[in-house]
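Listed here are the chains, written in short residue letters.
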Amino acid sequence: MGVIEEGAKKSGVLWLSLDRPRLAWHAWHDGAIYVVTGGGEQSLPGLAEAGEVRVTLRSKDNGGRLVVFDASVEVVDQAESAEAVAALAKERLNAVDGAGLTDRWAARSQVVRLTPREPAP
């Protein structure tokens, strides 16, 4: 999974195949991709309820498709996944409530872990 990890670490955004392709910012942490949805954050409708999602990572250099893979979807308990939430919060640019960001997420958003499977053909 070297290409997935490298691509996820180098690029701050990815595409998720939901009701339509959705651009999302994310963080790579401990072998998985984390995203936040809802509560004033990016809208990723249906992600939290999906069992699996198709993810596309693009090259930061030229924007070309780097790798496409399926990932299992799991809403995480934010208190139990505090390190992952902290890593995700570091990637959040221009938050109006930087100091209260994770509290707002705990109250109004869902943090979702996307665990990569083998790259799709």
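The written sequence of each chain sets the order in which its residues are numbered from 1. Totals for whole chains, interfaces and linings use all residues, but because this is a predicted model, local features are given only for residues with pLDDT of at least 70 and pairs of side-chain atoms are given and counted only at 80 or more. Computation of side-chain values: all heavy atoms of the structure, hydrogens and water removed.

> Tell me about the overall build of the protein chain, residues and numbers included.
Elements are defined by DSSP. Helices are runs of H or I of four residues or more, strands are runs of E of two residues or more, and each kind is numbered from the N terminus. Scanning the protein chain from terminus to terminus reveals 3 helices and 7 strands. Ordered by position from the N terminus, the helices and strands of the protein chain form the series α-β-β-β-β-β-β-α-α-β. We compute the radius of gyration over the C-alpha atoms and compare it with the globule rule, which gives 2.2 Å times the number of residues raised to the power 0.38. Taking 121 residues into account, the globule formula puts the C-alpha radius of gyration at 14 Å, and the protein chain, at 14 Å, falls close to it. With the C-alpha coordinates of the protein chain rotated into their principal frame, the extents come out at 40 × 30 × 25 Å. Only protein chains enter the area calculation, which uses a 1.4 Å probe; residues under 20% of their type maximum are buried, those over 50% are exposed, and those in between are partly exposed. Burial statistics for the protein chain: of 121 residues in total, 44% are counted as buried.

> Quick rundown of helix 3 (residues 101-108)? Include the residues and the values.
Every buried residue of helix 3 is accounted for by Leu101, Arg104 and Trp105. Around the axis of helix 3, the buried residues are gathered within 100° of arc, so they sit on the same side. In helix 3, the exposed positions angled more than 90 degrees off the buried face are occupied by Asp103, Ala106 and Ala107. Along the arc lie the directions from the helix axis toward the C-beta atoms.

> With reference to specific residues and values, describe the nonpolar core.
Formed by 19 residues in total, the largest nonpolar core has its most connected members in Leu16, Ile33, Leu47, Val53, Val55, Phe69 and Leu114. Mapped by element, the contributors of at least two residues to this core are helix 1 (2-10), strand 1 (13-17), strand 4 (32-37), strand 5 (52-58), strand 6 (65-75) and strand 7 (110-119). Ranked by residue count, the leading element in this core is strand 6, at 4 residues. We call a set of buried residues a nonpolar core when its members are Ala, Val, Leu, Ile, Met, Phe, Trp, Tyr or Cys and they connect through side-chain atoms within 4.5 Å of each other. Among the nonpolar cores identified, the runner-up in size contains 13 residues, and Ala32, Tyr34, Leu88 and Trp105 belong to it.

> How would you summarise the environment of Val75 if you had to cite specific residues and measurements?
Inspection of the secondary structure puts Val75 in strand 6. Sequence spacing of Val75 and Asp97 is 22 residues, and the spatial spacing of their C-alpha atoms is 23 Å.

> Report on helix 1, specifying residues and quantitative values.
Residues Ile4, Gly7 and Ala8 constitute the buried set of helix 1. Buried residues of helix 1, seen end-on, are gathered within an arc of 95° and therefore sit on one face of the element. Projecting away from the buried face of helix 1 at angles above 90 degrees are the exposed residues Gly2, Lys9 and Lys10.

> Give me the pattern of salt bridges: which residues, what numbers.
Side chains that carry opposite charge are capable of pairing whenever their charged atoms lie near each other. Salt bridge, as used here: a side-chain nitrogen of Lys or Arg that lies within 4 Å of a carboxyl oxygen of Asp or Glu. Throughout the structure, instances matching the rule amount to 8 salt bridges. Bridged by salt links that share partners, the residues Glu41, Arg92 and Arg104 form one connected network.

> For the packing of helix 2 (residues 82-91) against helix 3, give the residues involved together with the corresponding values.
With their axes 10 Å apart at the nearest point, helix 2 and helix 3 run at an angle of 115° to one another. Crossing handedness for the pair helix 2 and helix 3: right-handed. Across the interface between the two elements, Val85, Leu88 and Ala89 of helix 2 pack against Leu101, Thr102 and Trp105 of helix 3. To define axes, lines are fitted to C-alpha atoms, for helices over the stretch in contact only, and angles between the resulting N-to-C directions are given on a 0 to 180 degree scale. When the near helix sits turned anticlockwise from the far one by under a right angle, the crossing is termed left-handed; a clockwise turn instead gives a right-handed crossing. Any two residues whose heavy atoms approach within 4.5 Å at even a single point are treated as in contact.

> Lay out the pairing of strand 1 in plain terms, naming residues and giving numbers.
Along strand 1, the buried face is formed by Leu14 and Leu16; none of Val13, Trp15 and Ser17, which line the opposite face, is buried. Sheet analysis places strand 1 next to strand 2 (residues 21-25), joined by 5 bridges and oriented antiparallel. Residue pairing across strands places Ser17 opposite Pro21, the latter belonging to strand 2. Two strands are counted as paired when DSSP detects at least two bridges linking them. Hairpin connection from strand 1 to strand 2: 3 residues lie between these consecutive antiparallel strands.

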